[in-house]
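Notes for the structure review
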Amino acid sequence: MDTTVSGVGVLDKAVRLLDALEGRPASLAELVALTDLPRPTAHRLACALEDHGLLRRDPDGRFALGLRLAALGRAAADGFDLAEAARPALESLVTETGESAQLYVREGDHRVCVLALESTHGLRTIVPLGARLPLDRGSGGSVLLGHTGERGWIESVGERVDGVASVSAPVADRNGLLLAAVSVSGPVARTTRSPGRRYGPAVVAAAMAVEAALAD
C-alpha cells in the first residue's frame, strides 16, 4: 500500500502509524501488518514519533499513542469556539442527568468528540477527547447524518458498545445548518433501554442552549 494523502510521503506514513494505534497498542510486527509499511520504515518512524512524544511504549514494549497527543488535542479543542460555547450547556446536562456528556462534529465519514465531560459515577461512559467514532453506530452519528427524530432527539442502545445507551440532539446555526451533536451516554443499567424517555428533553434543551450561546 503506497497511497498518499498530503503529497508528503513520510508524513502520510507517520499518520498511518498513528491511525493504526488509535484502537490499542501494537508491537512492531503488528504495526507492519496494520500499515503494510516495510519493517525498517515502520520502526524508524515509530521511534521518531516516540522521540517527539507522539508515541510511547507500554509496559510490554508495544507502541501506543503518546501523551503529547492528548495535550495537543486539548489545545485544539480549547481553541475551538463551538466547544467553548457548548461547555456551560454540557456541564448543566451532566449535572441534570448524572451521566457523561459529549459534543461531536462530523469529519468525513467519522464523528469527532470535541468536548467530553464525565459523570461522577464510578461506572460511567468515557469518550476520549478527540476520539474518532463511526457515523453509522450510536445516536451521535445518527444525528450528524441528519436522522433527527420527531421529538428532536435520537436514542441508541448498545449500537457501538454493548451495555451503553445514548441520546443525542442536533446543534444548528442560525441558518439551520447542522453543526454538531450533543449527546448524553451511560450504562444501560441506569439509562434503561429507553434512554430517550428519561434524557431526551434535557439533551434537546442542552442543544438549544448551545445554539443560543453561539448566537450571542
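What comes next is a walk through the structure. Once a new chain begins, its residue numbering starts again from 1 and follows that chain's sequence as written. Since the coordinates come from a predicted model, pLDDT governs what is reported: local features require at least 70, and pairs of side-chain atoms require 80 or more to be given and counted, while whole-chain, interface and lining totals use all residues. Side-chain measures were taken over the full set of non-hydrogen atoms in the model, leaving aside hydrogen atoms and water.

Observations regarding the sheet that holds strand E3 (residues 100–107)
Strand order in the open sheet formed by 6 strands is E5-E4-E3-E8-E7-E6, and the pairing between neighbours is antiparallel. One side of each edge strand has no neighbouring strand; the edge strands of this open sheet are strand E5 (132–134) and strand E6 (154–157). Neighbour-to-neighbour, the strand axes of the sheet open up by a mean angle of 35 degrees, direction not taken into account. Only strands that DSSP links by at least two bridges are regarded as paired with each other. Every helix listed is a DSSP run of H or I at least four residues long, and every strand listed is a run of E at least two residues long, numbered separately from the N terminus. Where E6 meets strand E7 (residues 164–172), 4 bridges bridge the pair, whose relative direction is antiparallel. Looking at E7, one finds that Val157 is bridged to Ala165. In this analysis, two residues are considered to be in contact whenever any of their non-hydrogen atoms come within 4.5 Å of each other. Working convention: axes come from line fits to C-alpha atoms, limited for helices to the stretch in contact. Angles between N-to-C directions cover 0 to 180 degrees. Where helix H5 (residues 81–97) meets the sheet, it contacts E3, strand E4 (110–117) and strand E8 (178–187), and its direction lies at approximately 145 degrees from that of E3. The strands that helix H8 (residues 195–215) touches are E6, E7 and E8; relative to E7, the one it contacts most, it runs at about 30 degrees.

What about unusual backbone geometry?
Positive phi values are uncommon outside glycine, yet Asp36 reaches one of about 65 degrees. Along the chain, the position of Asp36 falls in the loop between helix H2 (28–35) and helix H3 (39–51). Of the residues examined, Asp36 reaches a relative accessible area of 47% and is grouped as partly exposed. You will see that Thr192, though not glycine, has its phi angle at about 70 degrees, which is positive. Among the structural elements, Thr192 can be located in the loop between helix H7 (188–191) and H8. The buried label applies to any residue whose accessible area, calculated with a 1.4 Å probe on protein chains only, is under 20% of its type's maximum; exposed applies above 50%, and partly exposed to all values in between.

Quick notes on the packing of helix H1 (residues 9–20) against H3
Relative orientation of the contacting elements H1 and H3 amounts to 80 degrees, with a least axis distance of 10 Å. It follows from the interaxial angle that H1 and H3 lie roughly perpendicular. Taken together, the residues of H3 that come into contact with H1 (itself represented by Val10, Lys13, Ala14, Leu17 and Leu18) are Thr41, Ala42, Leu45, Ala46 and Leu49. Only Asp, Glu, Lys and Arg are considered charged, only Ala, Val, Leu, Ile, Met, Phe, Trp, Tyr, Cys and Pro nonpolar, and every remaining residue, Gly among them, polar. Across the contact of H1 with H3, the residue classes tally to 8 nonpolar, 1 polar and 1 charged. Any angle between 65 and 115 degrees counts as roughly perpendicular, while under 35 counts as roughly parallel, over 145 as roughly antiparallel, and the rest as oblique.

Quick word on the environment of Ala212
When you line up the elements, Ala212 lands in helix H8. Remark: the alpha-carbon pair of Ala212 and Arg174, spanning 38 residues in sequence, is separated by 9.1 Å.

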